[in-house]
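Descriptive analysis of the structure
Listed below, chain by chain, are the residues.
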Amino acid sequence: MLSHFSLIDLDINITDLVIQIRREQIKKKATKQPNKKVIQWKLPDAIQAAIALYYNLKLVTRNTQDFDLNQHPFIEIPYTI
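Predicted model only: the values in this text are computed from it and were never measured.

For the rest of this paragraph, the subject is unusual backbone geometry. One non-glycine residue, Asn56, adopts positive backbone phi at about 55°. When you line up the elements, Asn56 lands in the loop between helix 2 (43-54) and strand 1 (59-60). By relative accessible area, Asn56 is classed as exposed at 72%.

Written out as structure tokens, the structure is:
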């Protein structure tokens, strides 16, 4: 079944984008307003987001805690329970 999926390598472009995303989130967290929640993705989430952004893909996830639809239009929530 897995043979039907494509593999995407982590090349230098995606790695640079991951670093950029993480740095921006660290800056936002350091300068956040007291009552505003700022999410800082863990490395696997940042890698997935960078791949989706780089290839202009939708990231399909049910992780609404870490991925805010209002902030990230490339996120797709297939359904909620």
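Now that the structure has been shown, we can carry on.
Helix length check: helix 2, at twelve residues, gives a terminal C-alpha distance of 16 Å against a target of 16 Å (1.5 Å per residue), a fit within 8%. Buried within helix 2 are the following residues: Asp45, Ala46, Ala49, Ala50, Ile51 and Ala52. Contacts from the buried residues of helix 2 go to helix 1 (12-30) and strand 1. Backbone geometry just after helix 2 places Asn56 at a positive phi near 55°.

Right, let's get into the pattern of salt bridges. Within this structure, the stated rule accounts for one salt bridge. A salt bridge links Lys58 to Glu76; the nearest nitrogen and oxygen atoms lie 4.0 Å apart. Separated by 18 residues along the polypeptide, Lys58 in the loop between helix 2 and strand 1 and Glu76 in strand 2 (residues 75-76) bring together distant segments of the chain.

Rules used in this analysis
Residues numbered from 1 in each chain as written. Predicted model: local features only at pLDDT ≥ 70, side-chain atom pairs only at ≥ 80, totals over all residues. Heavy atoms only, no water. Helix = DSSP H or I, 4+ residues; strand = E, 2+ residues; numbered from the N terminus. Buried < 20%, exposed > 50% of the residue type's maximum accessible area, 1.4 Å probe, protein only. Expected span 1.5 Å × (residues − 1). Contact = heavy atoms within 4.5 Å. Salt bridge = Lys/Arg side-chain N within 4 Å of Asp/Glu carboxyl O.

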